Every structure is written in structure tokens, then in C-alpha cells.
Amino acid sequence: MINRRIFSLGLGSALLSACSTGTSTSTPASRMRPVPNAGWDAWVAGFKGRAASQGISQTTLNLAFQGAGYLPDVIERDRNQVEFKRSLEDYLAIAASDERIATGKQMLVRHAGTLSQIEAKYGVDKEVIVAVWGLESRYGARRGDVPVVSAVSTLAYDGRRGAFFEKQLIAALRIIQEGDTSPANMTGSWAGAMGHTQFIPTSYLAYAVDFTGDGRRDIWSEDPTDSLASTAAYLARAGWVRGQPWGGEAGTVSGTPVTVLQPQTPGPRIAVFRNFQVIKRYNNSDSYAIGVGHLSDRIAGGAPFQASFGPDATGLTLEDRKELQRRLTSAGYDTQGADGVIGNNTKSAISAYQRASGMPVTGEPSVALLRSLGG
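Residues numbered from 1 in each chain as written. Predicted model: local features only at pLDDT ≥ 70, side-chain atom pairs only at ≥ 80, totals over all residues. Heavy atoms only, no water.

**A word on the overall build of the chain**
This is how it is decided: Secondary structure elements are defined from DSSP: runs of H or I of at least 4 residues count as helices, runs of E of at least 2 residues count as strands, and each element is numbered from the N terminus. C-alpha atoms define the radius of gyration, and 2.2 Å times the number of residues to the power 0.38 defines the globule rule. Any residue under 20% of the maximum accessible area for its type is buried, any over 50% is exposed, and the rest in between are partly exposed; the area is computed with a 1.4 Å probe on protein chains only. Pairs of residues are marked as contacts when any of their non-hydrogen atoms sit within 4.5 Å. When charges are counted, Lys and Arg contribute as positive and Asp and Glu as negative, whereas His and the chain ends are disregarded. A charged residue contributes its charge at one atom only: NZ of Lys, CZ of Arg, CG of Asp or CD of Glu.
Across its full length, the chain carries 17 helices and five strands. On C-alpha atoms alone, the chain measures out to a radius of gyration of 22 Å, which is about the 21 Å that the 2.2 N^0.38 rule sets for 375 residues. Along the longest, intermediate and shortest principal axes, the C-alpha atoms of the chain span 65 × 55 × 35 Å. Relative to its 375 residues, the chain shows a buried fraction of 53%. Partitioning the contacts of the chain with sequence separation of at least 6, the portion at a separation of at least 24 is 70%. Treating the 38 positive side-chain charges of the chain as one cloud and the 34 negative ones as another, the clouds have centres 3 Å apart.

Here you go:
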């Protein structure tokens, strides 16, 4: 089975860009404009012959590359990927935030009929499907608006992962040729992940389904039905065991788990079943799979993990860090949210406060800093 993701950054680009205190990984489409590039033009001319030999028609090639071009911002993003190494506590603070849980519950109700039909057909819990949706695109709010043909052709021409992205480009052209969408409508992330649940083109061809019955596997529309069903189909094909939990905090789930994980000490011990490994086929990260599983449990009305993570290396608990963010914002140093995750926005706010207060400028949180901000 093809792993759906091009790369794993722990949370995935959509979730990271949604984190108010993290480093933004989104680039507005207004910046993603093609620029003249003779090298890309020559590469495309050669590629068209290779594409034709694989069954891509001249009509499709002309249609797909009309208006397409080289996107330098895609190369910049590819060159400057940051490997986010977050603790499980920080990860869950984002992945299973109060806002993401509340919105997930709303989506579970709003799409109840569709989700029940999908669950009945594929055997994948509807809460898990909604949780994947929440992590991948904030329930459709962050699907990506970069033209896929331009993005993947730019990456294929660049050559760092040329063979992989040429394969994605061929798959994207095949999607267009089969009539599922148009080049103008085929948008996604800077690296070609598309739709509500972020399928790359090859995975789309292998696993996407037309659940609405309109003749198209439409993962790009506002209606998330085909995307949600495609995610369920993917997980089912990956070996999802109907009726079995993904896992949960050790001592709170029935049955014999495959193993028990201790991702962070102190912190909860996580008992996992086979379905945990199935979620990892979607994104090969323990944190991602725990995030999806725990978010699905919370959407279903389950409780937070009971074991405490304890204070971090600075002596601050998650609630302390949230309070620090709230106090900084109240003092005029906006952290862009109070999720307890110390990212670039929070560090910039700390630095500004320290500078204005005559303190050594470190940009780092501390117990003393929290106290200095008062109550």
C-alpha cells in the first residue's frame, strides 16, 4: 500500500499552520504565482512525451498546462521545511484542543446521516473519520489553494525528489483526464496534497471513491462526502478492524492491546490495538495516530487522559503556559492564542515584553516571567 503522505512532520502541514503559536507553514495562493523559467519550460516539453507514452492525451496535456508555471515559493517551502519535534502534551494541546473537539462534535451532528452510511459500508468509526478530517484540514477550512499541476511539476523539475513528483504529476493528469475535476479546480497544498483529508494524487487514484454517486470522486468541493468516504475506504483497505478500538489510556480500554506506549514521561501510558497501526498508514507517526485516536474519543464524548504530564523543563505546566499567554496578550503582547504551546508567536511576545521591561531578552518562558506579569 502507498503511504498517503509525502512526508511526516508529526502533525502534518495543515495542522501545524493552524497552530496559533507555531511556525506558520502556509503560503497564500496570492504568492504562489508562476514566474517565467526557461528550464521548467524545457523540462515540461520533455515530460509531455513521457506522459503521452503513459496514456495521457494531448488534449489533457494542453488543458492541464494552460496557465501552469514554475512556482519558486514551492521550492522555497521544500528547501526550508522545519522538522517539528513537539512533546505529546504539546501535540495533543493542538490536535485535541477544545476548539477542535467542539467543531468535531458539530460536524458529527451536521453530517450524521452521511457518516453513518460511510461507517456502515467501510466499518471505520465515524468519529475516527471526523478526527482525521479535523487534523488534516481543520474540517475543510485549510484544504490548500495552490494549483496542483504547477506545484508538482515545479517539484518534479527541481529534481530533489524528481521521480516521486513526476509520478504525482502523471497521476494528477490522469485524474483530470478521467473527468473527476478540472485543472483550475485541482488545488491543494504546496506539495500536492488535496481535499478535505489531503490525498496525494497517486493515493487518490488508488483509494478515492464516488460516494455521492454523481460520477466524480470529488474531494475538492465544499461537500466533504467523497473525501470522508475516501478516507474510510483507505483505512478499510489498510486493514481496519471493525468494532475494535484504536487504543486509549492504559487501564481504560478493554481487550488485550498489541503493546503499551509511554511517549512522554511523566504522562499517560497508551495501550494500542491493531487499528493504531492502521491510522499510522495514513501518516506514519505515533503522535499523529494518538492525536487522531484521542480526538475521536473526545468527539465521541470521552474524557481527557487522566495521567498528568507534569511541568516542563522550565517548571511550567500546560495550564501555566496558557496563563502566561493570556497575561502577555492582556499586557499588549499578543500571542495569537492561548493553547499552552510555546511557538514563534509566543516567543516573539515574550521577547517584546522582556525588552520593554528591561529584562534580558531570551524569548523563553519561565516561572519568574509568569510571576512578573502579575495576576
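**Some points on the nonpolar core**
Within soluble globular proteins, side chains that are nonpolar generally end up buried alongside one another. Operational definition: Remark: nonpolar core denotes a set of buried residues (Ala, Val, Leu, Ile, Met, Phe, Trp, Tyr, Cys) joined through side-chain atoms within 4.5 Å.
Residues Phe47, Phe65 and Leu173 are the most contacted members of the largest nonpolar core, which totals 84 residues. Aside from chain neighbours lying at most four places away, what touches Phe47 is Leu61, Phe65, Glu166, Leu169, Ile170 and Leu173. Membership of the second largest hydrophobic core comes to nine residues, among which are Leu316, Leu324, Ala349 and Leu373.

**Concerning helix H9 (residues 148-158)**
Burial analysis of H9 places nine of its eleven residues in the buried class, the great majority of the element. Buried residues along H9 sit against helix H2 (38-53), helix H3 (58-65), helix H4 (72-79), strand E1 (146-147), helix H10 (162-177) and strand E2 (187-188).

**As for the packing of helix H6 (residues 98-110) against helix H14 (residues 286-299)**
For any two helices packed against each other, one specifies the inter-axial angle together with the distance between the axes. Stated precisely, the cut-off is as follows: The axes used here are C-alpha line fits, helices contributing only the stretch in contact, and every angle between their N-to-C directions lies in the interval 0 to 180 degrees. Left-handed describes a crossing in which the near helix is turned anticlockwise from the far one by less than a right angle; the clockwise case is right-handed. All residues other than Ala, Val, Leu, Ile, Met, Phe, Trp, Tyr, Cys, Pro, Asp, Glu, Lys and Arg, Gly among them, are scored as polar; the first ten of these are nonpolar and the last four charged.
Where H6 contacts H14, the two axes come as close as 9 Å, and the packing angle between them is 65°. Handedness of the H6/H14 crossing: right-handed. Together, Arg100, Ile101, Gly104, Lys105 and Leu108 of H6 and Leu295, Arg298 and Ile299 of H14 make up the contact between the two elements. For the contact of H6 with H14, the residue count by class is four nonpolar, one polar and three charged.

**Considering unusual backbone geometry**
The bulk of non-glycine residues show a negative phi, and the bulk of peptide bonds are trans. The step from Thr265 to Pro266 runs through a cis peptide bond, and the omega angle for that step is -5°. By secondary structure assignment, the location of Pro266 is in the loop between strand E4 (259-261) and strand E5 (270-272). Even without a glycine there, the phi angle at Gln336 is positive, about 60°. Tracing the chain through its elements places Gln336 in the loop between helix H15 (318-330) and helix H16 (344-356). The class for Gln336 is partly exposed, based on a relative accessible area of 44%.

**Focus: the side chain of Asp226**
Quick reminder of the rule: By definition here, a salt bridge exists when the distance from a side-chain nitrogen of Lys or Arg to a carboxyl oxygen of Asp or Glu is within 4 Å. A 3.5 Å cut-off defines polar contacts: any pair of N or O atoms within that distance qualifies, except that in protein one atom must be a possible hydrogen donor and the other a possible acceptor, and neighbouring residues in sequence count only when both atoms are side-chain atoms.
Turning to its location among the elements, Asp226 is positioned in helix H12 (residues 225-237). One buried charge, Asp226, has no salt-bridge partner; the nearest side chain with opposite charge is Arg216, at 7.2 Å. Here Thr212 takes part through its backbone nitrogen, which lies 3.2 Å from a polar atom of the side chain of Asp226. Only 2.9 Å separates the side chain of Asp226 from the backbone nitrogen of Asp218, close enough to count as a polar contact. Those residues in contact with Asp226 that sit more than four places away from it in its chain are Val209, Asp210, Phe211, Thr212, Asp214, Arg216, Arg217, Asp218 and Ile219.

**Some remarks on the environment of Ala271**
With respect to the helices and strands, Ala271 occurs in strand E5. In this structure, the C-alpha to C-alpha distance between Ala271 and Asn80, residues 191 residues apart in sequence, is 36 Å. Setting aside its immediate chain neighbours within four residues, Ala271 contacts Gly247, Gly248, Ala250, Val253, Pro257, Thr259 and Val260.

**Here we look at helix H7 (residues 112-122)**
In plain terms, the rule: Arc definition: it is the arc formed by the directions from the helix axis to the C-beta atoms.
Every buried residue of H7 is listed here: Leu115, Ile118 and Tyr122. Across the axial projection of H7, the buried residues extend over an arc of 60°, all falling on one side. When the buried face of H7 is taken as reference, the exposed residues oriented beyond 90 degrees from it are Ala120 and Lys121. Against the buried residues of H7 lie H6, helix H8 (126-137) and H12. Immediately beyond the C-terminal end of H7, within one or two residues, lies Gly123, with a positive phi of roughly 80°.

**With respect to the packing of aromatic side chains**
Note the threshold: By convention, a stacked pair of Phe, Tyr or Trp rings (six-membered ring in the case of Trp) has centres within 6.5 Å and planes under 30 degrees apart, an edge-to-face pair has planes over 60 apart, and any other such pair is tilted.
Under the counting rule described, the total for this entry stands at 14 aromatic pairs. Look at Tyr70 and Tyr157: their rings are 5.9 Å apart centre to centre, the planes differ by 80°, and that puts the pair in the edge-to-face class. A residue pair is termed long-range when its members are at least 10 positions apart, and Tyr70 in the loop between H3 and H4 and Tyr157 in helix H9 qualify at 87 residues. Counting every residue linked through ring pairs, the aromatic cluster contains Trp40, Trp43, Phe47 and Phe65.

**A few points about the environment of Met107**
On the secondary structure map, Met107 appears in helix H6. Its relative accessible area of 9% is what places Met107 among the buried residues. For the pair formed by Met107 and Val130, sequence separation is 23 residues and the distance between their alpha carbons is 7.4 Å. Excluding anything up to four places from it in sequence, Met107 contacts Leu115, Val130, Trp133 and Tyr139.

**Some thoughts on the packing of helix H5 (residues 88-95) against H14**
Put simply, the test is: Working rule for angles: under 35 degrees goes down as roughly parallel, over 145 as roughly antiparallel, 65 to 115 as roughly perpendicular, anything else as oblique.
In contact at an axis separation of 10 Å, H5 and H14 are set at 45° when each is read in the N-to-C sense. Between H5 and H14, the angle is such that the two are oblique. Helix-helix and strand crossings are classified by hand; for H5 and H14 the assignment is right-handed. Taken together, the residues of H14 that come into contact with H5 (itself represented by Leu88, Tyr91, Leu92 and Ala95) are Ser287, Tyr288, Ile290, Gly291, His294 and Leu295. Partitioning the contact of H5 with H14 into residue classes produces seven nonpolar, three polar and no charged.

Honestly, that's just the spatial picture; any functional story needs more than this.
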